[in-house]
Amino acid sequence: MPDWLQVIILGIIEGITEFLPISSTGHLLLAEQWMGRQTEHFTVFIQSGAVIAVLAVFKDRVLELFETKKEKETQDYLLKLGSSFMLTAIGGLTLKNAGWELPEEAAPIAWALVIGGILFILVERGKEEKEEALTHQVPQITWILAIAFGMAQLVAMIFPGASRSGTTIIIGIILGMRRGEAVEYSFLLGVPTLLAAGAYQLVSAITEDRQAVMVEAPMLALGTVVSGITAFFAVKWLLTYLQKNTFIYFGWYRVVLGVLVLLFFTKGG
């Protein structure tokens, strides 16, 4: 398979799965089992394209935050958003300095998919019964939520397959947020998180082997652009879908995919 075609396929996978609660890193690592292993900075950097998609989809919300940046409620929201990011950043750097790396095996990814899927199914079944009451609550991000979202992103980092968006959204729902609130906070939190992760990995790669990164640059750019375009439509679709649906089907998708992967690799072993 030509390198450019492989990159396009991986970019499409990244764009579709980055903000759907089904794990982009997990899907990319699984795809690489068949198409060949990419560098870690490639897998992380092309997520930056999805960030552009989020900013485009949530442009009205981002503009609102900018225009009301001097208001107390907006400052409180941004402070907590920044705190969630900083918690993830500090934890992520600590793990990197300790030598943590993405796993090459598919089994841990599959288990993370299954466990996360079961959580979504159980939580959403309970959520359906009390969603009507929650829709009348005033949106509010507490410090408990801010810390929980930051920790959830670390869990997703340690266990690829858990899903950054999925882990943060599910913890938000468990702690009483409405789906729309949890999705918005998760997606906006993803902007600095993914940009910082991509920049860190790219700078680290350039420091280690600048020439190799320069050679790889066109493919990095291609994967990033493809992921951004794909993510734009994926996020738009998800927001429309959630107006009348829950995350239960995503939960079942995760369980089925995880079980299939476990069966495949068990059989293969």
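Residues numbered from 1 in each chain as written. Predicted model: local features only at pLDDT ≥ 70, side-chain atom pairs only at ≥ 80, totals over all residues. Heavy atoms only, no water.

A word on unusual backbone geometry
Then step 1. Positive phi, normally seen in glycine, also occurs at Ser23, with a value near 80°.
Then step 2. Following the sequence through the fold, Ser23 ends up in the loop between helix H1 (3–17) and helix H2 (24–35). (Helix = DSSP H or I, 4+ residues; strand = E, 2+ residues; numbered from the N terminus.)

Things to note about H2
Then step 1. End to end, H2 covers 16 Å across 12 residues, agreeing with the expected 16 Å (1.5 Å per residue, within 8%).
Then step 2. Taken across its 12 residues, H2 has 10 buried, putting it largely inside the fold.
Then step 3. Where H2 is concerned, the buried positions are Ser24, Thr25, Gly26, His27, Leu28, Leu29, Leu30, Ala31, Glu32 and Met35.
Then step 4. Looking at the residues trailing H2, positive phi occurs at Gly36, about 105°. (Expected span 1.5 Å × (residues − 1). Buried < 20%, exposed > 50% of the residue type's maximum accessible area, 1.4 Å probe, protein only.)

Side note on helix H4 (residues 47–57)
Then step 1. Across the 11 residues that make up H4, a large majority, eight, are buried.
Then step 2. Along H4, the residues that are buried comprise Gln47, Ser48, Gly49, Ala50, Val51, Ala53, Val54 and Val57.
Then step 3. Of the surrounding elements, those touching the buried residues of H4 are H1, H2, helix H3 (40–45), helix H5 (59–67), helix H10 (179–208) and helix H11 (210–241). (Contact = heavy atoms within 4.5 Å.)

So, the side chain of Gln153
Then step 1. In this fold, Gln153 is placed in helix H8 (residues 143–158).
Then step 2. For Gln153, a relative accessible area of 3% corresponds to the buried category.
Then step 3. In this structure the side chain of Gln153 is engaged in a polar contact, spanning 2.8 Å, whose partner is the side chain of Thr88. (Polar contact = N/O pair within 3.5 Å; in protein donor to acceptor, adjacent residues only side chain to side chain.)

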